[in-house]
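A structural walkthrough
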Amino acid sequence: MLKRKAVAQAVSFALATVAFGSVAMAQDTTSGTIQRVEVTGSSIKRATAETASPVQVVTREDLAKSGKTTVAEYLQTLTADGAGSLPTGFGNGFAAGSTAISLRGLGATSTLVLLNGRRMAPFARADDGQKSFTDLSTVPMEAVERIEILKDGASSTYGADAIAGVVNIILRKDFTGVTAKLEAGESKYGDAEMGKGTLTWGKGNLDTDGFNVMTNIEVYGNHELMNKDRADRKWIGQGDIRPWGYAANSQFAAGYITPGASSPTPVGALRDPKTNNYVPLPGCSQFSPVVNQDPAGGCLWYQDQFRSMQPQIGGHNLYGRFTKNLDNDLQLYAEAGYSRRDTSFTLTPPSTSSTVAFPPNAANPTGVISYGNTILMSPNHPQNPYGAAVRLRYSMFDVGPSTRSADNAFTRFVVGIKGQRYGWDFDTAYTHSKSELDLNYSNMINMRVLQAALGNPASQYFPYYIGTQASKNPASLYAAMVTNATSHSTTQLDIVDFKASRELMQLPGGALGLAFGAEHRREKLDNPSLSGTLDGSINSSYVAAKGDQNISAVFLEVAAPIIQTVELTGAVRYDKYKNFSSTTPKVGVKWTPLKTFALRGTYSEGFRAPGPAESGVESQSTGSSSVRDPVRCPGGVPAAGGATSVDCAISIGAVKVGNPNLQPETSKGYTLGLVWDPLAGTSLSLDGFKIRRENEINPLSYVEAAALPTAIRNDNNLVVNGVVIPNTGTLLLSNAPYQNSSFTEIKGVDLDIKQRVRLGDYGRGVFGLTWTHIASWVRAEKTGTRYQYAGTHGNCDTSNCAGTPKDKISATASWDYSQQLNVTATANYRADMQNVYFAGDKCANAFANGSDAPGNCRLASFTTVDLSARYNVSRNLQIYGSIQNLFDKIAPLDPLTYGGMSYNPMDASGAIGRYFKVGLRYSM
């Protein structure tokens, strides 16, 4: 047995060491009795916390040393976190205002997040319109005791849908006293200010008083940070990246003109009916600060003129727990929590040429309107010089930028009883949780009023003056044309569960452990679309999901130490849905030939039934991502006849509709590793892993959707030698129906090392390193096409298009002196990536001269160092502080991702810049 202690100290705030799955024996040294503990992934209490499954443990001490303000911030620094993770700054995503973790890059929906070992209601809007996930921002940081991350995939104990792993956030249960904390922070630029205050109170000792009650109150706020606030930080937040060799028409550019087409411009561009080319109206300098304008005559502007880099946030968390010892070894407990988080992002002004999708109806059986083709400027309009109705491209600066407000409220209540009966340890409870999300999008456009105001002289709103003449418009026009789009979404989860465990008999290696359990849960989702999107009457596509389901499950688990050095574990789970059922096993083995060395391995199977957003007949969403147009940019080269570099990395919409014929996903996971203490104070764990998820539920990939002959295109068709090639216009929208595709398979290695050093009179030091290497990340489609994403910028069908680096490393060095001072440094490393959508593909971006971009078609690696310190002034008072991105490293220029403006969202600290935090903690 490994002689290593599981640490869970109730200490407060400082910086980041990485805790490792090598946690060992929990023993009471005064009495000599061995305490049995329960570890995430197993319901059997045991003397050692080291099981066959790799479990990473993050203690309160680790959270304190990290300098991070929220649980999400910390978890998203884990090397096991990958593509599909949702950062705070992703304001133009489906689930804006939330935060989530994506273990192994399999998406947030494949990572099961628990609070005190039980599920929570998911965020009330699915990510990408599909993926149901748990919002980490609802968890109060100060109330966390520890976090356990189970890395070996599906868990027979908690749910077979935990295909990528389990994150179990365990809150404090026995706090006594009062602790108050205040902290504040700002960047080196004097902006992005944050403030946070917490108050924790507890009373009662369970052993002497027979009860404990604790409450935690947390209030916080963050100021909005605009992209233009980083105008002097090289390319960070810049839409115009021409100074670094790129073309003018990047993905964040607008107002430029190409043959037969124009993007929305603040002066307005009208299509000449004789040439079919767009001609801008005058006055560009009144609206755009861009000096080097479009040589084709357009009015260039970039999104950093308006967009947020980080949102405005305000919120609070309330948490309380009551525990009461009853007679006969029984304990009653209750938990209640409430979280409120209001988030606001600033985006760009609306345009007159949106393409929107919605459920087909009698008036529009296709369910698509391309307003760029249907909204025309009347020949009677004072600004139309052509004497005929003409198309226009106009960005409505006179209306102003749109803001997206996402106000989320989360409630949770648990009541349960646990104890011992007839030799069994049991725990049973009822859990209720609910998430309510109110969306409010300002400065949205009533497209029918807009259409009449531009094209119908008989309308009371005609004429709508644009560009430099917009000041002529009456307030009554804007009152009718400009609207707020709103929605109120809810998810609800109710669970009744029971589990019990005991020792049955003595085997040669110890006691045979048995556990069993059952749960019944009811899930409800009601996510209506924004007002005005049902029939395409505003400039936003329809996004909705609705459904409910009942799930019942039972599980059985055994732990058999068959000899002194070998323990076998096995579990099986049965899940019953309305239309599906599954039986999923898990087995593990741990061999400990030496007290300081063990080999371990697991095999598990998983199962995930289609969610309401994927299978509901009322579900539909429209997402967007960058693709290479196979028609206008074949082989990565703009086609002759009018195509440009824009077509080689164009953002398109894809309509995804619920499919009631979907089948469940299944998975198989394998781990094989070792745990070794080679020297005194040295611990090491090395685990290889493989996860294969089959029958995957995915929309048709954007690459394939772009190649469909049914894709909707503009009518600026290519013209070669005077011949118009039909259906070759600019790509706008395509269908990407949900389907059971083939499989995704990930292979990799996790390495954890920790070294403790005694420094005599100078205290002690702890050094740690966590490394995750992704050897292969393959996705296969039904057609047989395979995409290798490891080491590339893909998978861009997943939120952010952040990429899949092969290596992520976190290294820490911490020094404690005389129980008064702690200083910790943490380095986080992300490996470089090929700037391709998948391995073997053409470079995704090019410089203006046509060469691959960035240099050698690789996004550079990125490393930051954080520093924190805390000092105990007295027994009651502690001061602490941290510096994030100590050396003020600037994130590499990333021209492909849409999750950050010219920087990768994984490198957000390099975009914000050096950041300072200070705080006070007082206890009594």
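Residues numbered from 1 in each chain as written. Predicted model: local features only at pLDDT ≥ 70, side-chain atom pairs only at ≥ 80, totals over all residues. Heavy atoms only, no water.

Along helix 4 (residues 447-455), the positions that sit buried rather than exposed are Met447, Val449, Leu450, Ala452, Ala453 and Leu454. By the N-cap criterion, in which a side-chain oxygen at the helix start approaches the backbone nitrogen of a residue two or three places on, helix 4 is capped by Asn446, the distance to Arg448 being 3.2 Å. (Buried < 20%, exposed > 50% of the residue type's maximum accessible area, 1.4 Å probe, protein only. Helix = DSSP H or I, 4+ residues; strand = E, 2+ residues; numbered from the N terminus. Polar contact = N/O pair within 3.5 Å; in protein donor to acceptor, adjacent residues only side chain to side chain.)

All chains considered together, the criterion is met by 19 aromatic pairs. Pairing Trp235 with Trp244 gives two aromatic rings, centres 5.9 Å apart and planes at 85°, and the pair type is edge-to-face. When its relative accessible area of 16% is taken as the criterion, Trp235 is described as buried. Looking at Trp244, the relative accessible area reads 29%, which means it is partly exposed. Between Phe597 and Trp676 the ring centres are 6.4 Å apart and the planes differ by 85°, which places this aromatic pair in the edge-to-face class. Of this pair, Phe597 sits in strand 30 (residues 597-608) while Trp676 sits in strand 33 (residues 665-676), placing them 79 residues apart in sequence. Classification of Trp676 by relative accessible area gives partly exposed; the value is 37%. (Phe/Tyr/Trp six-rings, centres within 6.5 Å; stacked < 30°, edge-to-face > 60°.)

Once that is clear, we can look at the state of the cysteines. The final tally for this structure, using the stated rule, is 4 disulfides. Linked covalently through their sulfurs, Cys796 and Cys801 form a disulfide whose S-S length is 1.8 Å. Pair check on accessibility: Cys796 and Cys801 agree, each one buried. (Disulfide = S-S within 2.5 Å.)

What follows deals with the environment of Ala296. With respect to the element layout, Ala296 can be found in the loop between strand 14 (278-280) and strand 15 (301-302). With 186 residues separating them in the primary sequence, Ala296 and Val482 have C-alpha atoms 31 Å apart.

The next subject is the pairing of strand 27 (residues 545-563). One ladder, built from 15 bridges, connects strand 26 (residues 510-527) with strand 27; its direction is antiparallel. Bridge pairing links Gly517 to Phe555 in strand 27. Strand direction decides the pairing type here: strand 27 and strand 28 (residues 566-576), joined by 10 bridges, are antiparallel. Among the inter-strand pairings, Ile563 is bridged to a residue of strand 28, identified as Val566. Connecting strand 27 to the antiparallel partner strand 28 that follows it, the hairpin turn spans 2 residues. (Pairing = 2+ DSSP bridges.)

What follows is about a nonpolar patch on the surface. Residues Phe322, Leu326, Leu332, Phe413, Val415, Tyr430 and Val496 make up a contiguous nonpolar surface patch of about 540 Å² in total accessible area. Residue assignment for the nonpolar patch shows that the elements contributing at least two residues are strand 17 (312-326) and strand 23 (403-421). In this fold, Tyr430 is placed in strand 24 (residues 424-445). Overall, Tyr430 belongs to the partly exposed group, its relative accessible area being 34%. (Patch = residues over 30% accessible without salt bridge, like charges linked within 9 Å, V, L, I, M, F, W, Y side chains within 5 Å. Areas by Shrake-Rupley, 256 points an atom, 1.4 Å probe, with all protein chains shown as cover. Salt bridge = Lys/Arg side-chain N within 4 Å of Asp/Glu carboxyl O.)

Below, the discussion takes up the sheet that holds strand 5 (residues 165-171). The strands making up a sheet are joined through hydrogen bonds of the backbone, oriented either antiparallel or parallel. With mixed pairing, 5 strands are arranged side by side in an open sheet as 1-4-5-2-3. In the strand order of this sheet, the two ends are held by strand 1 (55-59) and strand 3 (118-119), each with one partner. Judged from the 5 bridges that link them, strand 2 (residues 111-115) and strand 5 form a sheet pairing that is parallel. Bridge pairing in strand 5 links Leu114 to Asn168.

Along the chain, Asp294 turns up in the loop between strand 14 and strand 15. We note that Asp294 is buried and unpaired, the nearest opposite charge coming from Arg242 at a distance of 7.3 Å. Engagement of the side chain of Asp294 in a polar contact is seen with the backbone nitrogen of Ile257, the distance being 2.9 Å. (Lys, Arg positive; Asp, Glu negative; His and termini not counted.)

The next thing to look at is unusual backbone geometry. In this model, Gly794 is joined to Asn795 through a cis peptide bond whose omega is 10°. Phi is positive for Lys234, which is not a glycine, with a value near 50°. Mapped onto the fold, Lys234 is located in the loop between strand 9 (225-226) and strand 10 (253-254). Among the residues examined, Lys234 registers a relative accessible area of 46% and is labelled partly exposed. One non-glycine residue with positive phi stands out, namely Asn443, at about 55°. You can see Asn443 is positioned in strand 24. Owing to a relative accessible area of 17%, Asn443 belongs among the buried residues under this scheme.

Let us look at the confidence of the model for the protein chain. Predicted confidence across the protein chain gives a mean pLDDT of 90, with 94% of residues reaching 70 or more. Within the model, the stretch residues 1-37 combines pLDDT values under 50 with 146 contacts to residues more than four positions away or in other chains. (pLDDT = per-residue confidence, 0-100. Contact = heavy atoms within 4.5 Å.)

Using the criterion set out here, one finds 44 salt bridges in the structure. With a shortest N-O distance of 2.8 Å, Arg146 and Glu148 are connected by a salt bridge. For Glu148, a relative accessible area of 5% corresponds to the buried category. Members of the salt-bridge network, linked through shared partners, are Glu519, Arg521, Glu523, Arg573 and Asp575.

Quick look at the nonpolar core now. Counting 64 residues, the largest nonpolar core has Leu75, Ile147, Val167 and Ile169 as its most contacted members. In this structure, Ile147 is in contact with Gln56, Val57, Val58, Leu63, Val71, Leu75, Val167, Asn168 and Ile169, ignoring residues within four places of it in sequence. Membership of the second largest hydrophobic core comes to 28 residues, among which are Ile375, Met377, Met481 and Val482. (Core = buried A, V, L, I, M, F, W, Y, C linked by side-chain atoms within 4.5 Å.)

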